[in-house]
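Structural overview
The chain contents come next:
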Amino acid sequence: MSRQRIGDNLTDVKVKNRALVLRLVKKRGLLSRIELARITGLTQPTITNIVNELINSNLLHEVGTSDTKSGRKPILLSFNNRAFYTIPISFSRHGFSVALTDLAPSILFRRDSFYSLLENTDLALLELQKEFIHVLDYATQSLRLILGIGISVPGPVDAETCTILAHPIFLNNKTLDLRPHLLEYDLPIFMSNNADAACLYETWNGEAKEIKNMVYFMAGEGVGAGILIDGKIYQGYNKKAGEIGHTTVNIFGPRCTCGNQGCLEMYCSTLKILEKAREAAWFGESPYLHHLLTEEHTELHFHHVIEGARNEDPTCLNILKQLGQYIGVGIVNLLNFNDPEVIVIGGEAALAREFIEEPIRRGIEERLLYREYVQPRVFYSRWGDDIRLLGAASVVLDHFMAGELGRF
Ligand SMILES: [Zn+2]
C-alpha cells in the first residue's frame, strides 16, 4: 500500500477517508453509499471501494433499503458496534471500576472495587490486576478484538506517559505511572481526565454528536469540566484546564481540600450533598432520610436524596434545589467565560435533573451576561456515574475512529 502523506503527517489518505466514512455512519446512523458520496464529496467509485473494505473488516453492515418513491432503493449501511471491544478502567477517590465495552460504547460487563489508590496505592493496584483478569476471562472469545485500555481519573493526567499527575485531592501530591501495572497485557493504553473523557463520550454516543464546541460540566464526588474546542479536547498548557470545581464562589466559604476557600466543589460535590443529607437524617429534619438511617440502617447515598425528593421530603427537595442553584453559578461562569455552543451537565448530580433543572434555568435567566440575546443550549447527560467508564472507553474509541490503531 502506498502511504501518501498529507497535512498533519499522521494518517495516509486512505485511512483518513475510511475514518471519515466510519465516523459519519457511526454518528448519523443509517446512510446509503449515495448519501456518503454527497456528504463527503468523494466520488461514487471511491465510496464503493471504502464501503466494501469496511464491510470486509466487519465494521459496516448492510441493513435493508431506504424508502424512496421511485427507482432502485439504495441499501443502507450501519456501524457494527460489536466489531471491536475496549477495556475501560475508571478511578475515583474511593475505588475503581474495570469493564468490557463494545464500540457504542455500552458496558457489557463490569467489576467494581472499593480499594482506593488514594488510601493504599499498592493494594489497589494489586486488586486492579485481579479485576482485570476477571474482565479478560469474560471477554475470552473476543480477546483479539480488544482495541486497548482506556483509563479515566479525577484530576490531571499526562496521557503520553500514562501518568496521574500530582493533584491536591486525588493522590496527595504523588504522581503515578500506570504503565508498569498494565504493560503485561500487551494492549495500547490511553488515559484521560474523567471530565475530558465524559466530554468525548457525548460526542460519540451522547447529546452532542455533531457539536464542535462544548463544555461538559461534571458533578459527582468532584466537580470539573471537559472542554471541547473545534472538535478537540482542550487540556491547557499544564494539562489542568477545566478545574471549574476549584474556582471560588465565596471567598469566606469553607476550606477546600485544594487549600483555597469557598470553591464551587464545596457546594456541588455529591460528597458535600451527602454531608448535608446525613446531618438532616441524624437530626430528624428529613423524615425520609431519618427513617432510612434509624429504622433501616441504610448507608446514605446520593440516590437516596433523589428518592427523598420524589417522596416530597422537604429537606431533600431543598438540598437539591440548592445544588441546582450552585451548579447554575458554575454554568453561568462557564457560559460567560467560554461561550460554548452547548453545555452538558453530567455526573451523578445530573441524575437529579428533575429537581436541579429549574434552579439552573433560573440562574442562567437572571445572571448570564447578554442573556437578552444569547440562548444557551443546556443538555443533561443520562449516564450518572457510569459516565466514568463510558468516558474511559470513549478515549480508546476516539483513537480507533481516527485510524490511529491500525485496525482499518
Ligand atoms: Zn478547591
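All of these numbers come straight from a predicted model, not from anything done at the bench.

Reading the values: rules and limits
Residues numbered from 1 in each chain as written. Predicted model: local features only at pLDDT ≥ 70, side-chain atom pairs only at ≥ 80, totals over all residues. Heavy atoms only, no water. Helix = DSSP H or I, 4+ residues; strand = E, 2+ residues; numbered from the N terminus. Rg over C-alpha atoms; globule rule 2.2 N^0.38 Å. Buried < 20%, exposed > 50% of the residue type's maximum accessible area, 1.4 Å probe, protein only. Patch = residues over 30% accessible without salt bridge, like charges linked within 9 Å, V, L, I, M, F, W, Y side chains within 5 Å. Areas by Shrake-Rupley, 256 points an atom, 1.4 Å probe, with all protein chains shown as cover. Salt bridge = Lys/Arg side-chain N within 4 Å of Asp/Glu carboxyl O. Donors = N, O, S within 2.8 Å, 3.2 Å for Na, K, Ca; no water. Tetrahedral: all angles 85-135°; square planar, octahedral: opposite > 155°, others 65-115°. Lys, Arg positive; Asp, Glu negative; His and termini not counted. Contact = heavy atoms within 4.5 Å. Pairing = 2+ DSSP bridges. Axes fitted to C-alpha atoms, helices over the stretch in contact; angles between N-to-C directions. Domains from an automatic or database assignment. Expected span 1.5 Å × (residues − 1). Polar contact = N/O pair within 3.5 Å; in protein donor to acceptor, adjacent residues only side chain to side chain.

**So, the overall build of the protein**
Helix and strand counts for the protein stand at 13 helices and 16 strands. Taking 22 Å as the expected radius of gyration for a compact globule of 408 residues, we find that the protein reaches 23 Å, a close match to that expectation. Judged by the C-alpha coordinates and their principal axes, the protein covers about 70 × 55 × 45 Å. Burial status across the protein gives 50% buried among its 408 residues.

**Focus: a nonpolar patch on the surface**
Together, Tyr115, Leu123 and Leu126 make up an exposed nonpolar region whose accessible area comes to about 270 Å². Structurally, the position occupied by leucine 126 is in helix 4 (residues 121-138). Leucine 126 sits in the exposed class, given a relative accessible area of 54%.

**Examining the pattern of salt bridges**
Inspection of the entire model under this criterion finds 17 salt bridges. Ionic pairing is found between glutamate 53 and arginine 18, a salt bridge with its closest N-O pair at 2.8 Å. With a gap of 35 residues between them, glutamate 53 in helix 3 (residues 44-56) and arginine 18 in helix 1 (residues 13-28) connect regions that are remote in the sequence. The class of arginine 18 is buried, set by a relative accessible area of 10%. Between arginine 111 and glutamate 131 there is a salt bridge, with the nearest N and O atoms lying 2.6 Å from each other. A residue pair is termed long-range when its members are at least 10 positions apart, and arginine 111 in strand 6 (residues 107-113) and glutamate 131 in helix 4 qualify at 20 residues.

**A short note on the coordination of the zinc ion**
On the protein side, the zinc ion has His246 (ND1), Cys256 (SG), Cys258 (SG) and Cys263 (SG) as donor atoms, found 2.0 to 2.3 Å from it. Note that the zinc ion binds 4 donor atoms; their angles at the metal cover 104 to 124°, and the shape is tetrahedral. In the primary sequence, the donor residues of the zinc ion line up as H-x9-C-x1-C-x4-C.

**Here's the deal with the side chain of aspartate 196**
In this fold, aspartate 196 is placed in helix 6 (residues 194-205). Of the buried charged residues, aspartate 196 lacks a salt bridge, with lysine 239 as the closest side chain of opposite charge at 9.7 Å. Other than its neighbours up to four places away in sequence, aspartate 196 contacts Ala225, Gly226, Ile227, Ile233 and Gln235.

**Some words on the sheet that holds strand 15 (residues 342-346)**
Strand order in the open sheet formed by 5 strands is 14-13-12-15-16, and the pairing between neighbours is mixed. The sheet is open, and its two edges are formed by strand 14 (232-233) and strand 16 (377-380), each paired on a single side. Examined bridge by bridge, strand 13 (residues 223-229) and strand 14 share 2 bridges and lie antiparallel to one another. Among the inter-strand pairings, isoleucine 229 is bridged to a residue of strand 14, identified as lysine 232. Where helix 12 (residues 353-367) meets the sheet, its contacts fall on strand 15 and strand 16, and the angle it forms with strand 16 comes to roughly 165°.

**Considerations on the domain arrangement of the protein**
Here the domain parsing of the protein yields domain 1 (13-79), domain 2 (85-204 + 387-401) and domain 3 (209-380). With centres defined by C-alpha atoms, the gap from domain 1 to domain 3 works out at 41 Å.

**Side note on the sheet that holds strand 5 (residues 95-101)**
The strand order across the open sheet built from 5 strands is 6-5-4-7-11, with neighbouring strands paired in mixed fashion. Every interior strand has two partners, whereas the edge strands, strand 6 and strand 11 (189-193), have only one. Within this sheet the neighbouring strands show an average axis-to-axis angle of 20°, counted without direction. Note: strand 4 (residues 85-92) against strand 5, 5 bridges, orientation antiparallel. Residue pairing for strand 5: phenylalanine 91 is matched across the bridge by phenylalanine 96. Packed onto the sheet, helix 4 meets strand 4, strand 5, strand 6 and strand 7 (146-153) and runs at close to 20° relative to strand 5. Each of strand 7 and strand 11 is contacted by helix 6, which is oriented at about 105° to strand 11, the strand it contacts most.

**Things to note about helix 11 (residues 314-338)**
Because each turn of an α-helix spans 3.6 residues, side chains separated by three or four positions end up pointing in the same direction. With 25 residues, helix 11 extends 35 Å between its outermost C-alpha atoms, agreeing within 8% with the 36 Å of an ideal straight helix rising 1.5 Å per residue. The N-cap of helix 11, judged by a side-chain oxygen 3.1 Å from the amide nitrogen of threonine 315 a few residues on, is aspartate 313. Aspartate 339 lies just past helix 11 and shows a positive phi near 50°.

**Quick notes on the environment of proline 376**
Relative to the elements of secondary structure, proline 376 occurs in the loop between helix 12 and strand 16. Distance from proline 376 to aspartate 339, taken between C-alpha atoms, is 8.6 Å for residues 37 residues apart in sequence. With sequence-adjacent residues up to four places away left out, proline 376 is seen in contact with Leu335, Ile364 and Leu368.

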